[in-house]
Amino acid sequence: ISDLPGVFLATCESNVNLSPFHLHTTMWIFFFFFQDTGLHYDRYLREVIDFLEKDQHFREKLHNTDMEDIKQGKLAKELDFVGHQVRTKLDELKRQEVNRLRTLIKAKQDAEGGHEMNHKVLLKQFEYMNHMNPHTFEVEDLDKLIQSATNDLENYDQKRHEEFKRYEMMKEHERKEHLKNLDEEHRKDEEQHYEELRKKHADHPKINHPGSQDQLKEVWKESDGLDPNDFDPKTFFKLHDTNGDSYIDEQELEALFTKELEKMYRPNLDEDDMTEMEEERLRMREHVMNEVDTNKDRLVSLEEFLMSTNKKEFLEPDSWETLEQAPAYTDEEMKLFEEQLAQEESNLNQKNSDLQKQKEELERQQEKLNAQKAELQQVT
């Protein structure tokens with residue numbers, strides 16, 4: 001996708017006379033709507049925006065509206081001026097999406113034995129559209145879609161952190177369960193091996209503070225093949241703005257941390273977990289964005305970047321606290337997690353027991369029916 005924004009912006013420039021500000025807004029909108037969001041309604045979101053882009057009036061309004069106005073619902077009102085052909089297609093997309101959701105909900109109900117779903121959970125599935133009107137796509141539908149996508153994407157990183165925390169707790173739980181099944185001698189050996197792996201993982205070169213002068217100079221030297229003494233922030237920015245759109249986006253920023261991550265993680269070693277590496281990459285990217293992205297548009301402009309290079313945090317940064325120094329969960333969270341797992345296991349065992357009883361009862365009934373059938377056959 002890194003090459004697409006440039007193509008998209010070139011198309012926009014050929015159709016609309018965009019100022020630098022609106023060019024920036026258009027780029028942000030493109031990044032926001034057309035990346036693979038990971039949302040369960042991602043395909044619907046992209047199809048809706050794609051068809052709206054085909055309407056000249058809406059396209060011009062989109063490219064000349066800032067993100068704050070979009071979030072406040074001002075853009076959604078422009079739907080009333082969209083052509084009939086596009087509106088008809090949007091109606092069709094909405095009906096298809098409603099049917100898709102209904103099918104998924106029905107499948108989930110069937111999988112859960114036909115039990116009725118929680119009403120709040122059910123409504124949550126339809127938050128990004130007006131489900132009271134399943135037939136036509138209206139202003140409220142576009143407003144809900146924009147608001148839901150905005151909120152969901154802003155919370156996306158937090159959800160990833162929560163998933164990682166659960167991953168780490170499950171890994172520790174499984175390790176402890178494995179130890180329980182060993183005799184004392186093998187348990188000691190296993191514990192010793194575990195500690196050795198932890199020490200090996202922690203034994204790595206110094207990790208530079210993400211986004212600091214030292215970190216960027218190392219990229220300048222190792223990746224760009226340039227003399228650290230000749231480091232120039234403006235040139236560095238242009239080198240790593242790989243799609244040439246005058247902004248460093250989140251993917252381009254994450255690419256800058258590869259050398260640091262390679263100091264800690266190697267895919268062929270038992271002590272290095274690649275899932276942890278991706279979490280570390282996410283932490284680094286979030287940290288730099290918080291420090292540098294002053295207008296919070298999830299993009300780093302040249303001006304923002306140059307301003308950051310004059311800060312004390314850039315020139316004299318604190319040491320970076322890596323994942324092994326900052327555990328993903330607390331002892332209390334681990335305790336609650338294991339209690340939850342125990343409860344889930346108990347519920348599952350109870351369900352299996354109930355199913356076994358039902359099976360035995362059905363078998364008894366079948367035997368009774370077979371006996372009755374045999375008696376009838378003897379009489380006849």
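Since the model is a prediction, treat every value here as computed from it, not as a measurement.

A word on the overall build of the protein
A tally of helices and strands in the protein yields 18 helices and 2 strands. Taking all 380 residues of the protein together, 38% fall into the buried category. Taking the contacts inside the protein whose residues are at least 6 apart along the sequence as the reference set, 67% of them involve residues at least 24 apart. Of the roughly 23200 Å² of accessible surface on the protein, a fraction of 48% belongs to carbon and sulfur atoms.

Structural notes on the side chain of E304
Within the secondary structure layout, E304 lies in helix α16 (residues 302-308). Comment: no salt bridge for buried E304; closest opposite-charge side chain is K296, at 8.1 Å. Those residues in contact with E304 that lie beyond four places of it in its chain are V292, D293, T294, N295 and L299.

Some points on the environment of E280
The topology assignment puts E280 in helix α15 (residues 274-292). Taking the C-alpha atoms as reference points, E280 and L261, separated by 19 residues in sequence, lie 7.8 Å from one another. Not counting residues within four places of it along the chain, the set of residues in contact with E280 comprises L261, M264, Y265, W320, T322 and L323.

Here's the deal with the packing of helix α9 (residues 156-180) against helix α10 (residues 184-202)
The description of two packed helices rests on the angle between their axes and on the distance between the axes. The interhelical angle for the contact between α9 and α10, taken along N-to-C directions, is 150°, at an axis separation of 10 Å. Viewed along their axes, α9 and α10 adopt a mutual orientation that is roughly antiparallel. Across the interface between the two elements, E172, R175, H178 and L179 of α9 pack against R187, E190, E191 and Y194 of α10. In terms of residue class, the contact of α9 with α10 is built from 2 nonpolar, 1 polar and 5 charged.

Description of α15
The end-to-end C-alpha distance of α15 is 27 Å, a good match for the 27 Å that 19 residues give at a rise of 1.5 Å each. Among all positions of α15, only E276, M277, E279, E280, R281, L282, R283, M284, R285, V288, M289 and V292 are buried. Between the side-chain oxygen of the N-cap and the backbone nitrogen of T275 there are 2.8 Å, and the N-cap of α15 in question is D273.

Observations concerning the pattern of salt bridges
Under the defined criterion, the tally for this structure stands at 28 salt bridges. The residue D42 makes a salt bridge to R46 at a minimum N-O spacing of 2.5 Å. Of this pair, D42 and R46 both sit in helix α3 (residues 42-53), separated by 4 residues, roughly a single helical turn. Residue class for D42 comes out buried when judged on its relative accessible area of 7%. On the accessibility criterion, R46 (32% relative accessible area) is partly exposed. Where E276 meets K171, a salt bridge forms, and the shortest distance between an N and an O atom there is 2.8 Å.

Cut-offs and rules
Residues numbered from 1 in each chain as written. Predicted model: local features only at pLDDT ≥ 70, side-chain atom pairs only at ≥ 80, totals over all residues. Heavy atoms only, no water. Helix = DSSP H or I, 4+ residues; strand = E, 2+ residues; numbered from the N terminus. Buried < 20%, exposed > 50% of the residue type's maximum accessible area, 1.4 Å probe, protein only. Contact = heavy atoms within 4.5 Å. Areas by Shrake-Rupley, 256 points an atom, 1.4 Å probe, with all protein chains shown as cover. Lys, Arg positive; Asp, Glu negative; His and termini not counted. Salt bridge = Lys/Arg side-chain N within 4 Å of Asp/Glu carboxyl O. Axes fitted to C-alpha atoms, helices over the stretch in contact; angles between N-to-C directions. Parallel < 35°, antiparallel > 145°, perpendicular 65-115°, else oblique. Nonpolar A, V, L, I, M, F, W, Y, C, P; charged D, E, K, R; others polar. Expected span 1.5 Å × (residues − 1). Polar contact = N/O pair within 3.5 Å; in protein donor to acceptor, adjacent residues only side chain to side chain.

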